[in-house]
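Observations on the model geometry
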Amino acid sequence: MCISTAGAVSGRLGPHDREAIADSLRDRGLRLTFQREAVCETIFNCVGHICAEHILSAVSTNHPRLRMNKTTVYRTLDLLLDLGLVTEHKCGEGRAQYEPASRGRHSHLICCECGVLMDIDPDVAGSFRDQLRLRYGVQVDLESYPVVGLCPECSRGGDGSRSSGGTRSTPGCTGIPLMVGSHQEIMEA
Ligand SMILES: [Zn+2]
Ligand SMILES: [Zn+2]
Ligand SMILES: [Zn+2]
């Protein structure tokens, strides 16, 4: 399950990211092709997390002449994962979702209703981890596995169908780009 807001992610790669990506490809004797660049710019410009299917739809919208398909997207994702440029989150039965590795390791919440993947503020995750250790003597790995719960929208009794409502304009799969605890809408053009 992956929830898209159906908003295509657009915009070019920043020069710093572009350089870093081109450098790691070059180390493998590979080039930053138009296709690889299109996949990278989609992931890097997505404020939240995005699945392969929505990467493909964003690339097709923004670069209709680039002939991409699922296979080329997955192949590119495998390469980017291998190079350590992108991180992958597999959440239960849901589709894997991706984000730039430069965001660092962090904890996530996955909504069991709509499947949205949200970042958890490191301070919030840290104090939760500390509490569990102090109170129960357990060590939890909050970075490898997402916390399961209800996102703010589903908690409010939304129908969980972000993609059909059309009220959210945030690009990518998450709909909610920011962290738990600092939830706010980002209005993208
Ligand atoms: Zn998606
Ligand atoms: Zn939800
Ligand atoms: Zn994340």
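One numbering rule holds for all chains: residues counted from 1, following each sequence as written. The order in which chains are written sets their letters, starting at A; the order in which ligands are written sets their numbers, starting at 1. Under the rules for a predicted model, residues below a pLDDT of 70 receive no local features and side-chain atom pairs below 80 are neither given nor counted, while totals for whole chains, interfaces and linings still include all residues.

Some details on the sheet that holds strand S1 (residues 50-51)
Strand order in the open sheet formed by three strands is S1-S3-S2, with antiparallel pairing between adjacent strands. Edge strands, defined here as strands with exactly one partner in the open sheet, are S1 and strand S2 (86-89). In this scheme, strands are said to pair when DSSP sees at least two bridges between them. Runs of H or I in DSSP of at least four residues are treated as helices and runs of E of at least two as strands, each being numbered from the N terminus. Looking at chain direction, S1 and strand S3 (residues 97-100) are connected through two bridges and run antiparallel. Bridging from a neighbouring strand, Ile50 pairs with Tyr98 of S3. Note on contacts: each residue gets a C-beta atom placed from the backbone, and two residues are in contact if those atoms are within 7 Å. For every element, the axis is a line fit to its C-alpha atoms; helices are fit only across the contacting stretch, and the angle between N-to-C directions ranges from 0 to 180 degrees. Running at roughly 85 degrees to S3, helix H2 (residues 34-45) makes contact with S1, S2 and S3 of the sheet.

Quick look at the packing of H2 against helix H3 (residues 52-62)
Two elements in contact, H2 and H3, have axes separated by 9 Å at closest approach and are oriented at 115 degrees. The orientation of H2 relative to H3 falls into the category roughly perpendicular. The handedness of the crossing between H2 and H3 is right-handed. Of the residues in H3, those touching H2 at Ala38, Val39, Thr42 and Ile43 are Ile55, Ala58 and Val59. Working definition: roughly parallel below 35 degrees, roughly antiparallel above 145 degrees, roughly perpendicular at 65 to 115 degrees, and oblique for all remaining angles. Each crossing is labelled by how the near helix is turned from the far one, with a counterclockwise turn of less than a right angle marking it left-handed and a clockwise turn marking it right-handed.

Looking at the pairing of strand S4 (residues 107-111)
As a general feature of sheets, a regular strand has side chains that alternate between the two faces. Counting other C-beta atoms within 10 Å of each residue's C-beta, where C-beta atoms are placed from the backbone, gives the exposure class: buried for 20 or more, exposed for 12 or fewer, partly exposed between. Summarising burial for S4: five of the five residues are buried, a large majority. Both faces of S4 are covered, namely the face carrying Ser107, Leu109 and Cys111 and the face carrying His108 and Ile110. Sheet topology places S4 next to strand S5 (residues 117-120); four bridges connect them, and they run antiparallel. Bridge assignment links His108 to a residue of S5, and that residue is Asp119. From the end of S4 to the start of S5, which pair antiparallel, there are five residues, and Gly115 there has a positive phi angle of about 85 degrees. When S4 meets strand S6 (residues 147-149), the two strands line up parallel, connected through three bridges. Residue pairing across strands places Ile110 opposite Val148, the latter belonging to S6.

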